[in-house]
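Structural features, examined
Residues per chain are reported as follows:
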Amino acid sequence: MTTAGTPEGDLAALRETNLALRETLNGYNALRDAVRKILAFQTIPEIAQALAKSVRESIGSRFAAVYVTPPGEARRVLASQEPPDAQAPAALEIEPAMLVWVLKQKKPLAMPAEPGREPRVILPLFSSRQCEGIAVLALSQGQEGVTEEVTEKLQMLVVAAAASLQNVRLNQALAATGAHLSNILESVTHGICVLDTQGRITRVNRNFCLMFDLEPDEVVGSRLGEVLPEAVRLVFQEVAEDAEREGFALDRILERKYDNGTEVALGVSATRLKDAAGNREGVIYLCRDMTASRELERLQRLT
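Model, not experiment: these values are computed from the prediction.

A short note on the overall build of the protein chain
- Within the protein chain, the regular secondary structure consists of nine helices and 10 strands.
- Going through the 303 residues of the protein chain one by one, you find that 35% of them count as buried.
- Across the protein chain, contacts joining residues at least 24 apart in sequence account for 48% of those joining residues at least 6 apart.
- Just so you have it, the protein chain exposes about 18000 Å², and 54% of that area is on carbon and sulfur atoms.

A short note on the state of the cysteines
- Taken as a whole, this structure holds zero disulfides when the rule is applied.
- C193 carries a free sulfur, and the closest cysteine sulfur to it, the one in C287, is 7.5 Å from it.
- Residue classification places C287 among the buried positions, given a relative accessible area of 0%.

Structural notes on helix α2 (residues 44–59)
- Here α2 contains 16 residues, and its C-alpha end-to-end distance of 22 Å stays within 8% of the 22 Å for a straight helix at 1.5 Å per residue.
- Those residues of α2 not exposed but buried are I47, A48, A50, L51, A52, S54, V55 and I59.
- One or two positions beyond α2, positive phi appears at G60, with a value near 70°.

Considerations on the nonpolar core
- With 29 residues, the main nonpolar core has I38, L51, V66, L125, L137 and L157 as its most contacted residues.
- Among the secondary structure elements, those contributing two or more residues to this core are α1 (7–40), α2, β1 (63–68), β4 (120–127), β5 (130–138) and α4 (148–187).
- Among all residues touching L157, those that are not within four sequence positions of it are L31, A34, V35, I38, L51, S54, V55 and S58.
- Of all hydrophobic cores here, the second largest spans 28 residues; its members include C209, V235, A243 and V283.

Brief notes about the packing of α2 against α4
- Two numbers describe how α2 lies on α4: the axes approach to 10 Å, and their chain directions differ by 180°. Taken together, α2 and α4 sit at an angle that is classed as roughly antiparallel. Within the contact between the two elements, α2 uses I44, I47, L51, S54, V55, S58 and I59 and α4 uses V150, L154, L157, V158, A161, S164, L165 and V168.
- Class assignment for the residues of the contact of α2 with α4 results in 12 nonpolar, three polar and no charged.

Some words on the pairing of strand β8 (residues 248–257)
- The pairing of β8 with strand β9 (residues 263–274) spans eight bridges and is classified as antiparallel. Residue pairing in the sheet places R252 in a bridge with V268 of β9.
- Here β8 hands over to β9 after five residues, with G261 in that stretch at a positive phi of 95°.

Some words on the environment of L210
- Relative to the helices and strands, L210 resides in helix α5 (residues 206–211).
- Classification of L210 as exposed rests on a relative accessible area of 51%.
- For the pair L210 and G191, spaced 19 residues apart in the sequence, the C-alpha separation amounts to 8.3 Å.

Some points on the environment of R56
- Tracing the chain through its elements places R56 in helix α2.
- Sequence spacing of R56 and L139 is 83 residues, and the spatial spacing of their C-alpha atoms is 9.1 Å.
- Setting aside residues up to four positions removed in sequence, R56 forms contacts with S61, R62, F63, A64, E82 and P83.

A closer look at the sheet that holds β4
- Spatial strand order, β2-β1-β5-β4-β3: five strands in an open sheet with antiparallel pairing. Only two strands of the sheet have a single neighbouring strand rather than two, namely β2 (77–82) and β3 (109–111). The average undirected angle you get between the axes of adjacent strands in this sheet is 20°.
- Here β4 runs beside β5; their pairing, made up of eight bridges, is antiparallel. Residue pairing in the sheet places L125 in a bridge with G133 of β5.
- Across the face of the sheet, α4 comes into contact with β1, β4 and β5 while running at roughly 45° to β4.

Criteria and thresholds
Residues numbered from 1 in each chain as written. Predicted model: local features only at pLDDT ≥ 70, side-chain atom pairs only at ≥ 80, totals over all residues. Heavy atoms only, no water. Helix = DSSP H or I, 4+ residues; strand = E, 2+ residues; numbered from the N terminus. Buried < 20%, exposed > 50% of the residue type's maximum accessible area, 1.4 Å probe, protein only. Contact = heavy atoms within 4.5 Å. Areas by Shrake-Rupley, 256 points an atom, 1.4 Å probe, with all protein chains shown as cover. Disulfide = S-S within 2.5 Å. Expected span 1.5 Å × (residues − 1). Core = buried A, V, L, I, M, F, W, Y, C linked by side-chain atoms within 4.5 Å. Axes fitted to C-alpha atoms, helices over the stretch in contact; angles between N-to-C directions. Parallel < 35°, antiparallel > 145°, perpendicular 65-115°, else oblique. Nonpolar A, V, L, I, M, F, W, Y, C, P; charged D, E, K, R; others polar. Pairing = 2+ DSSP bridges.

Here it is, written out as structure tokens:
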């Protein structure tokens, strides 16, 4: 038996302290790894599964479930539960009144045990004032609550999951917007070419490539002088200079002759591209086939 104040007792106390510190460090390392894993996932099922598993292990609960809101919908659906193949208890179901309270307070809610229902904890997943989902933990019988330390760990996991879910949602919205914009550009009969402030092509539509015998995959990221003949590039440069001075440039006629002998007159115009704050982001070129209109003008002059 060791006594405090003796060399043996002090050594034993030091060992206990070191053991406690090691356990704490291991716990936070595991928490850090769990947060990194949640943030690294790129799909809702992966994020939900990682969160459900992490919060269940952190609290030692019997079951855990994560509900998310599908894009464009108001309802919340079950995205993952742990254990995945077990019969989910009634505690994982969220009553509408409880959900309203949690969303309004924006903080966890601990529910005591009820007849036929285990005690539980409801965790809202908020990021930038947007609720990305709900996590529900079904506690073991006799486990009425969680400590402050565990609550902090759960909050770190929840914040990481909410941020990751928000990132997925924003990327989905951005992809949908990009696809819609691409459809619009491809539906326009004129040729469109967008340059950034460094003079590199960031976007072209199919008609622009057809007008100048280009392949879209080979154009984006290049400079005009790398994909267009020098005479054509000079016309684009003059139009860009007009746009830089005036904010826009009127059509300049560019005569094109294709390999099949067809001759067309292309009108090339440009306008400065700005962001919402008015900062310069580049230039947009618009090319339109003016062969028919020029022929009509010629006939009108003859008559």
